[in-house]
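Coordinate inspection notes
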Amino acid sequence: MNRPPSSTPALCRSFRLLGLALASLFALGCRDVNVPEPMRAPSGRLAAKSGIPNTLKLRIDEEFRAAPGATPIVCSPGVAVPNRLIAEGVISPHLGRTRNVLVVQSCQVTDGTPVLGVSDTVVGATGDSLFGDWIITLSNLQKGKATLGLEILFLGGSGWFQNVIGSATGSGVLDLAAGTGSYSAAGTIGPRAVSPPVGGPQLVTETISVGWGFACGLTQSGTAYCWGLNAQGELGDGTTTNRGVPTPVAGGLTFTQISAGNGFACALIASGAAYCWGWNNTGALGTGDNTQRNTPTPVSGGHLFTQIVSGTGHTCAVTASGAGYCWGDNTWGELGDGTTISRNTPTAVRNSPVIKVMTAGNAHTCALTTSGQAFCWGRNNVGQLGDSTVTDHRLPTAVAGGKTFAQIAVGGDHTCALLATSMDAWCWGSNSFGQLGDGSTTSRNAPTKVASALAFAQITAGVYHTCALTNSNVAYCWGDNLYGEMGDGTTIDRSTPTLVSGGFAFTKISAGADQNCAVTTSGVGYCWGHNWWGSLGAESTEPMLPYATQVSSNVIGGLSFARLTGGGTHTCGLTTKGWAHCWGQNSFGELGDGTTIDRQAPTAVSSELLFTDISAGVSHTCALDPGGTARCWGDNAAGQLGDGTTTDHAAPAAVSGAVSFARISSGGSHTCAIADGIVYCWGSNDHGQLGDGSVTGHSTPTALQSLYEFVQIAAGTSHTCALTHDGAAYCWGNWGVTETHTPTLVPGGKVFQELDAGDRTTCGTTATNNVWCWGINSNGQLGDGSTNTVFTPQRPIVEGGQVGGIPLASVGIGSSHVCVTADQSGAAYCSGSNYYGQLGDNTTTERHFPTPVFGTLTFESITGGADHTCALGSNVAYCWGRNDRGQLGNGDMADRHTPALVTRLFFKTQ
């Protein structure tokens, strides 16, 4: 994602909260929003855009009854309410991604009456489809009633939103065009209680972990992958070769936890046995020696652990009985054994209460007891032990303040924890870059509250920065931002929590030296920050990426595609080895995995067969094996599977007739293939798309009676086109220009090498890499600047309005859009309908000329689905557009307006 451009806003407005006798007028400044940015963090300024002065005012009166037993809110001026309420808002455009927003609240006293006030919070979606500021104020809460006032400045579009306050819920519908809005809600309201789980503080199992220049993650099956720097063998793949994509850890072990340190990593298997690999100069691998290991090696001592953590030069772990063990560097007493002698085997932490969790940093270690009490030991030069001193301690020392914590995280020279009762964040230690989040750069030697009313579900600390996830899975970071660690698209240090851009819903997050990685609720990995040595796993050579970037699924030993084909709402591909994988809608079994379950990631077709050709239709798929045998699966209502029945098949079924085919193509509800120059078709024939002169369908292959020998075939929604040996194009069925029931020569005399067909639209590629298109053009998909039907092949207008434009190497057609790739540069261009973002230009604006796909990716081939597009670049698959059935293969069902990496690498989410 590129950094958004800047502009000067011309419209400034102010809000007056509605219906609040005790609330004061909020005057807000101006905000620049002329950017295609998913979301902006709160800053106390109003969204505005020149020329669009649209303000949608909602007057909302809600009556909330106090929850039974609710503790009254008591506050003093400028003092935050410990038992505060939390309001969570969601604003989503019809076609965009959901944005979760946590409304930050504070306590005020006005005329002696407690008032719960809410500062303005900016919410929005990609582009200007829905964007606004909102302000909420709840007053007179102690009297059992509250009035909520909401006024929003919208810049465009329509959508829905919902508000959740305590146990009261409400929802509204916004329509800017009509200038209307409505909202209703009812329920009870009371302080939000956040209690730690039964049995003590939370144990956040590490399913993704960032170290110094590398990261590791566990898949859903427990397989470990690492990527980035590998100079010390820290990737565990048996080499010291740096990897820019996830690489399987050698040994075939299945892990339950993994932790990346400084040049080494450690993990636990299901029994609790520990394995480590990488740098071992300080004995951090616990193997009884100081020898480097490039593959997982058992930790000495035979201990079984429930948790393991890696620091800069030491490792610590906890047993099921709550005993702590550490090993490795002990220069500052970080092993907690009362000495400064380094150890290369697990050594018991002395004078320690029963430990629930431990966390290791640069030269200090901290732990939580089962009751949530925090203890730290090791170096304390900047107060990182939190005992109100700067004195080092070689044994566990209680953190000052007596607070009960649910989680704790150690960074370079600072520590952070989440308060068990409210899950707000407290930090102590070094604060040179604002990593304590208290709005300053002053170091603290005792817990200091992070300057935010956010309640967090998880917290993690890097060397000079900190990140956390809210209960609604939203990520915030603060501290050093030299390499984009904040994920907000800038390199500006932040001393208070800053929203990570992108609107992602994360379930796990890990902070490393200068980078972070997180796992979405669907298991997709994202990283941002420092990217030297490929430490973000994103197949990028950029030195840093200040936005969350998807971890590549092009894993060592993973999927490498040679061909893609887009169907109606599903996609299929052949790997370089000939294995078929499909993803997306599977209602009819069109994915071929033996089920009718939709898949959001590539799923192997249930067959031991290899294929040489594959083609996805609207709701069925066909492929050819190396012997030319055709097999089809999916929807068969019209006999399009060619097996003589109209029975759907969820796995490959052989086409009748024992014909050896050379090419095959799946259309709307029909299929055609070529054998020895003869075209065979089967399935629906209501428009003559089978080419046999009738409109009668067939459930088995029927040969066309033609004088021509054909070498290539392309089936569209309700028509078919084919090429002869000499490159002449013939079409039949409803092909936009006309409807014919037998092969009819395409006018214009063009000589083609390949054809592709969509919904009454066809394009062909010549030997000189020129693309010519004809047929229906209702959405401008032919790229000639008009919406007129084109009766003879014409070239799209590409690059600055030049007719004919640059040489184009490949073409992919959807239901109402066309995409092409440039011959020399590999850049992709799309035109036509863009309702779902299928043009990939980061908008939903229809285009009548080919428009560059957003970003710098280059492609060798491209294919169109009904409302989505997929392309291959160096055997790596990307898709964009409609994704309601998972047809983009990126692990979720959110539409994408820019290329999204097809992934098969999913990390554990729990």
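Residues numbered from 1 in each chain as written. Predicted model: local features only at pLDDT ≥ 70, side-chain atom pairs only at ≥ 80, totals over all residues. Heavy atoms only, no water.

Further remarks concern the overall build of the protein chain. When helices and strands are tallied, the protein chain shows zero helices and 71 strands. Here the protein chain, with 910 residues, has 59% of them falling under the buried criterion. Excluding contacts between residues fewer than 6 apart, the proportion of contacts in the protein chain whose partners are at least 24 apart in sequence is 51%. (Helix = DSSP H or I, 4+ residues; strand = E, 2+ residues; numbered from the N terminus. Buried < 20%, exposed > 50% of the residue type's maximum accessible area, 1.4 Å probe, protein only. Contact = heavy atoms within 4.5 Å.)

The next thing to look at is the sheet that holds strand β31 (residues 393-398). Read from one edge of the open sheet, four strands run β28-β29-β30-β31, paired in antiparallel fashion. The strands lining the two open edges of the sheet, one partner per strand, are β28 (355-360) and β31. Sheet twist, expressed as the mean angle between neighbouring strand axes with direction ignored, is 20°. The pairing of β28 with strand β29 (residues 364-369) spans five bridges and is classified as antiparallel. Looking at β29, one finds that Ala360 is bridged to Thr365. (Pairing = 2+ DSSP bridges. Axes fitted to C-alpha atoms, helices over the stretch in contact; angles between N-to-C directions.)

For the structure shown, the criterion picks out 15 salt bridges. With a shortest N-O distance of 2.5 Å, Arg896 and Asp892 are connected by a salt bridge. It is possible to trace a salt-bridge network through shared partners that takes in Asp867, Arg882 and Asp884. (Salt bridge = Lys/Arg side-chain N within 4 Å of Asp/Glu carboxyl O.)

The final tally for this structure, using the stated rule, is 27 aromatic pairs. Measuring from ring centre to ring centre gives 6.2 Å for Phe506 and Tyr526, while their planes differ by 65°; the resulting arrangement is edge-to-face. Of the two residues, Phe506 is situated in strand β40 (residues 506-511) and Tyr526 in strand β42 (residues 525-530); the sequence distance between them amounts to 20 residues. An identical accessibility class is assigned to Phe506 and Tyr526; each is buried. Ring plane angle 40° and centroid distance 6.0 Å describe the contact between Phe661 and Trp682, whose orientation is recorded as tilted. Of this pair, Phe661 sits in the loop between β51 (649-654) and β52 (663-666) while Trp682 sits in strand β54 (residues 678-683), and the two are 21 residues apart along the sequence. Take Phe661 and Trp682: they sit in the same class, and that class is buried. A connected cluster of aromatic rings, assembled from ring pairs, spans Phe504, Phe506, Tyr526 and Trp528. The ring centre of Trp332 lies 4.1 Å from the NZ or CZ of Arg379, which sits over that ring. Directly above the ring of Trp426 sits Lys403, whose terminal nitrogen or CZ lies 4.5 Å from the centroid. (Phe/Tyr/Trp six-rings, centres within 6.5 Å; stacked < 30°, edge-to-face > 60°. Lys NZ or Arg CZ within 6 Å of the ring centre and 35° of its normal.)

Another point: the sheet that holds strand β19 (residues 243-248). Spatially, four strands are ordered β16-β17-β18-β19 in an open sheet, and the strand pairing comes out antiparallel. In this open sheet, the two strands that pair with only one neighbour each are β16 (208-210) and β19. Neighbouring strand axes in the sheet, compared pairwise and without regard to direction, differ in orientation by 15° on average.

Moving on, we come to the nonpolar core. The nonpolar side chains of soluble globular proteins are, as a tendency, buried together. In terms of nonpolar packing, the biggest core is built from 26 residues, with Phe752, Leu755, Cys763, Val771, Trp774, Val811 and Val820 touching the most fellow members. Those elements giving two or more residues to this core turn out to be β57 (719-724), β58 (729-734), β60 (754-757), β62 (771-775), β64 (808-813) and β65 (817-822). No other element matches the four residues that β62 contributes to this core. Those residues in contact with Phe752 that sit more than four places away from it in its chain are Leu723, Gly727, Ala729, Gly764, Thr765, Thr766, Trp772, Trp774 and Pro793. (Core = buried A, V, L, I, M, F, W, Y, C linked by side-chain atoms within 4.5 Å.)

A few words on the state of the cysteines. One pass over the full model with this rule turns up 14 disulfides. Across a sulfur-sulfur distance of 2.1 Å, Cys467 and Cys477 are joined as a disulfide pair. The chirality of the disulfide connecting Cys467 with Cys477 is right-handed, given an S-S dihedral of about 105°. Of the two residues, Cys467 sits in strand β37 (residues 465-470) while Cys477 sits in strand β38 (residues 475-479), which places them ten residues apart along the sequence. Owing to a relative accessible area of 0%, Cys467 belongs among the buried residues under this scheme. (Disulfide = S-S within 2.5 Å.)

With that settled, consider the pairing of strand β59 (residues 739-745). Pairing analysis gives four bridges linking β58 to β59, with the strands arranged antiparallel. Note on β59: the bridge partner recorded for Tyr730 is Leu745. Between the antiparallel neighbours β58 and β59 lie four residues, among them Gly736 with a positive phi of about 85°.

So, about the environment of Asn531. With respect to the helices, strands and loops of the structure, Asn531 is situated in the loop between β42 and β43 (544-550). Judged by its relative accessible area of 3%, Asn531 falls in the buried class. Spatially, the C-alpha atom of Asn531 lies 7.7 Å from that of Gln515, the residues being 16 residues apart in sequence. Residues in contact with Asn531, not counting those within four places in the same chain, are Leu536, Gly537, Ser540, Glu542, Pro543, Met544 and Leu545.

All right, on to the confidence of the model for the protein chain then. Low pLDDT means the predicted atomic positions in that stretch should not be read closely. Looking at the protein chain as a whole, its pLDDT mean stands at 80, while 77% of the residues score no less than 70. Below pLDDT 50 for its whole length, residues 1-172 participates in 452 contacts with residues either more than four positions away or in separate chains. Note on residues 183-200: pLDDT under 50 across the span, and 58 contacts to partners over four residues away in sequence or across chains. (pLDDT = per-residue confidence, 0-100.)

With respect to the element layout, Gly568 can be found in the loop between β44 (561-566) and β45 (570-575). Taking relative accessible area as the criterion, Gly568 reaches 9% and is therefore assigned buried. Along the chain, Gly568 and Ala866 lie 298 residues apart, while their C-alpha atoms are 4.6 Å from each other. Not counting the four nearest positions on each side in its chain, Gly568 is found in contact with Gly617, Val618, Gly865, Ala866, Asp867 and His868.

With that out of the way, let us pick up unusual backbone geometry. Of note in this structure, Ala658 is not a glycine but carries a positive phi near 55°. By the element assignment, Ala658 lies in the loop between β51 and β52. Given the relative accessible area of 79%, Ala658 is considered exposed. Phi is positive for Asn842, which is not a glycine, with a value near 70°. Within the secondary structure layout, Asn842 lies in the loop between β66 (828-832) and β67 (847-852).

Looking now at the side chain of Thr219. Relative to the assigned elements, Thr219 resides in the loop between β17 (214-218) and β18 (224-228). When near neighbours in sequence (up to four residues on either side) are disregarded, Thr219 contacts Tyr225, Leu905, Phe906, Phe907 and Lys908.

A few words now on the pairing of β42. For β42, the buried fraction is high: six of the six residues fall into the buried class. Pairing between strand β41 (residues 515-520) and β42: five bridges, direction antiparallel. Following the sheet pairing, Gln515 is matched in β42 by Gly529. Taking the residues that link successive antiparallel strands as the turn, the β41-β42 hairpin has four residues, and the phi of Gly523 there is positive, at about 95°. Pairing of β42 with β43 involves four bridges; the strand directions are antiparallel. Opposite Cys527, over in β43, you have Thr549 as the bridge partner.

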